[in-house]
Every structure is written in C-alpha cells, then in structure tokens.
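Coordinate inspection notes
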Amino acid sequence: MRMDLATFASSPERPNEDWASVALPASGQGGSLVVLDGVTPPKGDDGCEHTVHWFTARLGGALLELSVSRPDTPLAGILSAAIRRTADTHRHSCDLSHVRTPQATVVLVRWGGPSDEVEHLVLSDSTLLIESPEGGVRAVRDDRLDRLPREALRTHASADALRNAEGGFFTAAADPGVAARAVTGRTPRSEVRSVVALTDGASRWVDMFGRGDWGQCLGLLRKEGAQGLIDRVRETETETARERAETGAGPIRWKLHDDATAVLAEL
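Residues numbered from 1 in each chain as written. Predicted model: local features only at pLDDT ≥ 70, side-chain atom pairs only at ≥ 80, totals over all residues. Heavy atoms only, no water.

**A word on the nonpolar core**
Short version of the rule: Take the buried residues of types Ala, Val, Leu, Ile, Met, Phe, Trp, Tyr and Cys, join any two whose side-chain atoms come within 4.5 Å, and each joined set is a nonpolar core. Partly exposed residues are those whose accessible area sits between 20% and 50% of the maximum for their type, while under 20% is buried and over 50% is exposed, using a 1.4 Å probe and protein chains only. Put simply, DSSP H or I for four residues or longer makes a helix, DSSP E for two residues or longer makes a strand, and each gets a number counted from the N terminus. We call two residues in contact when some of their heavy atoms are within 4.5 Å.
If you look at the biggest cluster of nonpolar residues, it comprises 27 residues, and the most contacted ones within it are Leu 36, Leu 59, Leu 63, Leu 79, Val 106, Leu 108 and Leu 123. Elements that contribute at least two residues to this core include exactly strand 2 (18-23), strand 3 (31-38), helix 1 (52-69), helix 2 (75-88), strand 4 (104-111) and strand 5 (117-123). Among all residues touching Val 106, those that are not within four sequence positions of it are Val 35, Leu 36, Leu 63, Leu 79, Leu 121, Val 122, Leu 123 and Ala 172. Ranked by size, the runner-up nonpolar core spans 19 residues in total, among them Val 196, Leu 220, Ala 226 and Val 233.

Structure, rendered in structure tokens:
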C-alpha cells in the first residue's frame with residue numbers, strides 16, 4: 001500500500017482551509033481517507049466566532065476517527081455523526097442556523113472492512129477517482145453545483161439562497177441530515193487498484209484547464225506525485241492569467257488560486 005498526499009494554500013497570507021488525512025487501523029486491515037475543502041465565506045457576518053480551518057480540522061478529525069472505529073456504520077452515517085459531533089462543540093456559542101456557518105465539501109473513502117469493499121462518499125464539488133486493476137478510471141462527483149446556471153451564483157445573495165437548499169447544492173455544515181444528500185457507493189475491493197481525492201483547487205488541471213482527462217490526471221499523480229500535480233496547476237493558473245490579461249481569452253474564475261489538495265492511495 002502506498003500513500004501520497006500534498007496540500008498547498010492559495011496564498012502564503014491565508015491559512016489553508018483544506019484538510020486531508022489517511023488512517024490505517026491498528027489491526028492492519030483496511031484504511032480510510034478523508035479530504036475536505038473548507039468553503040470560504042464572503043466578508044461579513046456568518047454567525048460563528050470560529051474560522052473555516054477550525055471547522056475543517058474538527059470535522060476532518062471526527063470523520064477519520066469514526067470511519068475507522070465504526071467499520072459497520074455506512075459512510076453516510078459516519079458523516080452524519082461527525083457533523084453532529086462538530087456542531088456540538090460550538091452550538092452554544094454560535095448561530096449554526098446561519099446560511100454561511102462554517103462548511104466544507106467532503107470526500108470520504110474506506111476499504112478493507114467487514115464486507116471487503118471500497119466504500120465512498122462525495123458531497124459537493126471535490127472529486128474522487130477510482131482506478132480499476134486494468135487501468136480504467138472512474139470519476140465520482142456530486143455535480144449539483146455544476147448543473148446550476150451561472151446566473152444563479154452571480155451574487156452572494158443568490159448563492160446563499162441555493163446553499164443547502166432543495167434545488168441547490170449541499171455541503172457539510174451543521175445539519176447532520178445533509179449526509180443523506182451525498183453521493184455514495186461501494187466497489188468490490190478486488191476491482192480497485194487505487195483511489196484519488198482532489199479538492200477543486202487541484203482538479204482544475206482537468207475540469208477547468210482541460211490539460212488532460214481523469215485517467216491522465218491519475219497517471220500524472222503516479223509519475224510526478226501529488227505535489228507535482230499541484231505544481232502543474234499553479235503553473236497553468238499563472239500562464240492562463242497572463243494570457244487572459246493579454247488577449248481577454250481563457251477560463252473565468254472566482255479567484256486566481258485556490259487551496260489545492262491531492263491524495264493518492266494505491267491499495
């Protein structure tokens with residue numbers, strides 16, 4: 001088993017709001033992978049005295065511990081329990097009903113449990129790749145945010161109206177019930193060679209810049225490592241920004257750089 005993990009903040013002046021970790025149980029059987037992308041709120045009130053990276057650290061830690069210590073609990077149940085545990089740590093000091101309360105996207109993978117399957121859960125716009133022993137790569141994505149018209153997200157108010165709302169998109173915030181909205185599935189362990197988790201700051205290499213497909217992305221990870229992929233993303237962001245300034249062409253982004261995290265687990 002081989003693990004490769006890298007994470008890089010969008011700017012040296014800002015804390016990295018992504019969170020990632022891998023756990024291997026003391027029994028030596030199986031493992032668990034967690035990647036979160038904290039949602040940076042617009043400036044203004046969010047009802048909480050805590051930062052986004054405070055939230056992702058606590059939610060990520062709870063997900064990692066619970067996914068290993070409760071092998072018989074489905075991943076949606078693990079996410080629900082982790083959200084509840086995290087909310088309990090600050091519900092008496094913060095307004096958790098606020099639409100911008102700290103929140104995050106989630107990729108959660110567990111393998112080698114009682115069923116000898118690879119279980120997965122994806123919530124919001126991070127990406128999971130599952131590679132077969134023959135080299136085929138399947139992308140698992142929660143595409144609800146992608147399906148919304150660009151106009152619906154043009155202002156903070158219009159985005160807030162769709163955040164964790166029917167007909168909109170969902171993130172892990174303070175409501176344990178959101179776990180039922182996650183994309184989940186199981187694959188026989190014998191049909192999985194490796195898994196990859198990417199926050200949207202790292203998946204840009206494919207879904208924003210089109211430098212390759214998901215199979216080529218996994219090949220790049222295997223050849224150059226997680227840091228190599230992130231370095232490629234940063235180079236492309238800089239090049240594209242320069243081209244756009246000169247020609248007016250190129251992808252339109254919310255921001256030049258984003259926190260970027262990539263994890264490769266070869267099972």
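So that's the structure; there's more coming.
**Here's the deal with the pattern of salt bridges**
We apply this condition: Note on definitions: salt bridges are taken to be side-chain nitrogens of Lys or Arg within 4 Å of carboxyl oxygens of Asp or Glu.
In this structure the tally under the stated criterion is 19 salt bridges. Residues Arg 181 and Glu 166 are paired through a salt bridge, measuring 2.7 Å at the closest nitrogen-oxygen approach. Of the two residues, Arg 181 is situated in the loop between helix 4 (156-162) and strand 8 (183-188) and Glu 166 in the loop between helix 4 and strand 8; the sequence distance between them amounts to 15 residues. Between Arg 234 and Glu 237 there is a salt bridge, with its nearest N and O atoms 3.1 Å apart. With Arg 234 and Glu 237 both in helix 6 (residues 214-247) and three residues apart, this pair spans about one turn of that helix. Here the residues in one salt-bridge network are Arg 2, Glu 131, Arg 193, Arg 222 and Glu 266, joined through shared partners.

**A closer look at the side chain of Ser 124**
By the secondary structure assignment, Ser 124 is in the loop between strand 5 and strand 6 (127-131). You can call Ser 124 buried: its relative accessible area is 5%. Discounting residues that sit within four places of it in the chain, Ser 124 has contacts with Thr 105, Asp 142, Phe 170 and Thr 171.

**Some thoughts on helix 2**
Within an α-helix, residues lying three or four positions from one another point in the same direction, as the helix has 3.6 residues per turn. Threshold: For a helix, the expected span equals 1.5 Å multiplied by the residue count minus one.
Its 14 residues place the ends of helix 2 20 Å apart at the C-alpha level, agreeing with the 20 Å of an ideal helix rising 1.5 Å per residue. Where helix 2 is buried, its residues meet helix 1, strand 4 and strand 5.

**Things to note about the packing of helix 1 against helix 2**
To keep things clear, this is the line we draw: Throughout, an axis means a line fitted to C-alpha atoms (over the contacting stretch in the case of helices), and angles, computed between N-to-C directions, take values from 0 to 180 degrees. By the definition adopted for this analysis, an angle is roughly parallel if under 35 degrees, roughly antiparallel if over 145, roughly perpendicular if from 65 to 115, and oblique otherwise. Left-handed describes a crossing whose near helix is turned anticlockwise from the far helix by less than a right angle; the clockwise case is right-handed.
It is the contact of helix 1 with helix 2, at a shortest axis distance of 9 Å, that shows an interaxial angle of 135°. Comparing their axes, helix 2 and helix 1 come out oblique. Along this stretch, helix 1 crosses helix 2, giving a crossing that reads as right-handed. Within the contact between the two elements, helix 1 uses Phe 55, Arg 58, Leu 59, Ala 62, Leu 63, Glu 65, Leu 66 and Ser 67 and helix 2 uses Ile 78, Leu 79, Ala 81, Ala 82, Ile 83, Arg 85 and Thr 86.

**Focus: the state of the cysteines**
For the record, the criterion: Criterion for a disulfide: a pair of cysteine sulfur atoms within 2.5 Å.
For the structure on display, the rule yields zero disulfides. Here Cys 48 stays free of any disulfide, with the sulfur of Cys 94 as its closest cysteine sulfur at 3.4 Å.

**A look at the environment of Ala 57**
When you line up the elements, Ala 57 lands in helix 1. Judged by relative accessible area, which is 33%, Ala 57 ranks as partly exposed. Placed 38 residues apart in sequence, Ala 57 and Trp 19 show a C-alpha to C-alpha distance of 6.5 Å.

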